[in-house]
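Topology and contacts: notes
Below, each chain spelled out in residue letters.
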Amino acid sequence: AHSRARLMHATNDLTGATGGSANGNTTPSSGELIACPGCDLLHRQVRLPAGRSAACQRCGHHLYRHRPQGIDRALALTLAASILFLLANVFPFLSIEIQGIQKEISVLSAAIELFRRGMPELGLFATAVIFVFPLLQLVGMLAVLTPLSRGRATPGATAALRLVSLLAPWSMMEIYLLGVLVSLVKLGTMADITFGVAFWAFSALVVVNLWAASAVDRHYLWQKLESAK
C-alpha cells in the first residue's frame, strides 16, 4: 500500500534550490524517478542548469545538484586526500616531553595502547574508524572516479561505491582530531608538545576529505556510473 501511495506521486516535478520550478531551459530526463529521503515523495528527474539543485516539492529536502566537472574535481581531491593519508600514517603525529622524558605518538598510538591495556574490542574499533574505514573509502572512491573521469566504469565500481556509502557514517577522523585537540588543551600546562608532520597532514586530510565528499553529488555519481556501463 505504501508503494502504491508513492507511485501516485510519480508525476511530480522537482523544484529548484531557489524555490522556482526546475523547468524553463531544463528538460525531463529519461523518465527516471527519485524518492525524497525526507518524506518518500517520488519525483520525475529533470536536467538542471550548472550550479542549480533540485529540492522536494513537499518538504524542501535537497535531492541532487548539477556540479560541472564534479567527477574531475572529486578525483583530484581524493588523490590529494590519499597522499595526506599516507603522510599522516607514516610520520610522527605528536611529540610530548614531560620532565625530560620525550615520547613520539603516531595516529594509531591510541588504538595500540587500548590493546596493551587489555581492551582489544575498543582497540579494534579505534583502528577501524580512524584507519581501516577511511583507507577503504579512499581506495573505493579512486576505483570509481578514475575510470569515470575517462567515461568508463570497471566491473566492481558499483560494489565499491556501495561500500563507500556504507562506511561513510563510520569514518570518524574529524572526531578523532577533535578529541586530540581537547586532550592537548588539558596537557598544554603539564608537558611540552611538538606537532609532527602527521598532525598537519591529518588536519588537512579531514578538510580535504570533507571537500571531496561534497565536490560531487552522490546521486549524480550513480547516474554517471550507470551511463558509463
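Residues numbered from 1 in each chain as written. Predicted model: local features only at pLDDT ≥ 70, side-chain atom pairs only at ≥ 80, totals over all residues. Heavy atoms only, no water.

1. Observations concerning the confidence of the model for the protein chain
On average, residues of the protein chain carry a pLDDT of 77, and 82% of them reach 70 or more. Least confident of the elements in the protein chain is helix 1 (residues 2–7), whose mean pLDDT is 39; most confident is helix 2 (residues 70–90), at 91. The model gives residues 1–30 a pLDDT under 50, and that stretch makes 61 contacts with residues more than four places away or in other chains. (pLDDT = per-residue confidence, 0-100. Helix = DSSP H or I, 4+ residues; strand = E, 2+ residues; numbered from the N terminus. Contact = heavy atoms within 4.5 Å.)

2. Considering the sheet that holds strand 6 (residues 94–98)
Taken together, the 3 strands give an open sheet; going across it, the order is 7-6-8, and neighbouring strands pair in antiparallel fashion. Looking at which strands have only one partner, the edges of the open sheet turn out to be strand 7 (101–105) and strand 8 (192–195). Neighbour-to-neighbour, the strand axes of the sheet open up by a mean angle of 15 degrees, direction not taken into account. In the sheet, strand 6 pairs with strand 7 via 5 bridges, with the strands oriented antiparallel. From the neighbouring strand, S95 faces strand 7, where its bridge partner is E104. (Pairing = 2+ DSSP bridges. Axes fitted to C-alpha atoms, helices over the stretch in contact; angles between N-to-C directions.)

3. Some remarks on the packing of aromatic side chains
This model, assessed by the stated rule, comprises 8 aromatic pairs. Their ring planes at 65 degrees and their centres at 5.4 Å tell us that F93 and F199 sit as a pair that is edge-to-face. Pair noted here: F93 is in the loop between helix 2 and strand 6 and F199 is in helix 7 (residues 197–215), with a separation of 106 residues, a long-range link. Assessed through its relative accessible area of 1%, F93 is described here as buried. Using a relative accessible area of 4% as the deciding quantity, one classes F199 as buried. When the centroid spacing of 5.1 Å and the interplanar angle of 85 degrees are considered together, the rings of F199 and W200 count as edge-to-face. Ring pairs connect the aromatic residues F93, Y176, F195, F199, W200 and F202, which therefore count as one cluster. (Phe/Tyr/Trp six-rings, centres within 6.5 Å; stacked < 30°, edge-to-face > 60°. Buried < 20%, exposed > 50% of the residue type's maximum accessible area, 1.4 Å probe, protein only.)

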